[in-house]
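# Notes for the structure review
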Amino acid sequence: MQQVPYSQARNTVLKDKSLSMDAHNAKIITRNGVVTLRGPVATTDESIKLQKICRETAGVVQVDNQLETKAP
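In this text the structure is predicted, and so the values were computed from the model without any measurement.

What counts, and at which threshold
Residues numbered from 1 in each chain as written. Predicted model: local features only at pLDDT ≥ 70, side-chain atom pairs only at ≥ 80, totals over all residues. Heavy atoms only, no water. Helix = DSSP H or I, 4+ residues; strand = E, 2+ residues; numbered from the N terminus. Rg over C-alpha atoms; globule rule 2.2 N^0.38 Å. Buried < 20%, exposed > 50% of the residue type's maximum accessible area, 1.4 Å probe, protein only. Contact = heavy atoms within 4.5 Å. Pairing = 2+ DSSP bridges. Axes fitted to C-alpha atoms, helices over the stretch in contact; angles between N-to-C directions. Core = buried A, V, L, I, M, F, W, Y, C linked by side-chain atoms within 4.5 Å.

## Let's talk about the overall build of the protein
Scanning the protein from terminus to terminus reveals three helices and three strands. When the helices and strands of the protein are placed in sequence order, the string is α-α-β-β-α-β. For a compact globule of 72 residues, the expected C-alpha radius of gyration is about 11 Å, and the protein comes in at 11 Å, within 12% of that figure. Dimensions along the principal axes, computed over C-alpha positions, put the protein at roughly 35 × 20 × 15 Å.

## Notes on the side chain of serine 47
One can find serine 47 in helix α3 (residues 44–55). You can call serine 47 buried: its relative accessible area is 9%. Not counting chain neighbours up to four residues away, the residues in contact with serine 47 comprise Val41, Asn65, Leu67 and Thr69.

## Points about the sheet that holds strand β3 (residues 62–69)
Strand order in the open sheet formed by three strands is β1-β2-β3, with mixed pairing between adjacent strands. The open sheet terminates on both sides in strands that have one partner only, identified here as β1 (27–31) and β3. Each strand of the sheet is rotated relative to its neighbour by a mean of 10°, with strand direction disregarded. The pairing of strand β2 (residues 34–41) with β3 spans eight bridges and is classified as parallel. Paired with arginine 38 across the strands is glutamine 66, a residue of β3. Here α3 sits on the sheet in contact with β1, β2 and β3, set at roughly 160° to β3.

## Structural notes on unusual backbone geometry
The phi dihedral of asparagine 32 is positive, around 50°, even though this residue is not glycine. Relative to the helices and strands, asparagine 32 is located in the loop between β1 and β2.

## With respect to the nonpolar core
With 15 residues, the main nonpolar core has Ile28, Val35, Leu37, Leu50 and Cys54 as its most contacted residues. Discounting chain neighbours no more than four positions away, the residues touching leucine 50 are Val13, Leu19, Ala23, Ala26, Leu37, Val41 and Leu67.

Right, dumping it as structure tokens:
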């Protein structure tokens, strides 16, 4: 059951061509409906976008955004 939110979130991120390679490679960790995001992203906007994608994924109850922004 943990695989469903992960797969949905990962597929949505990979399909979004507006995101940088860093954002596409961000770690998405799921456990009991909680998603943890880790790794570098190009901008704060990307960080927010990844968080939104995960929050809108079925089965996700919380998002812990630990992404690191390379640029302001």
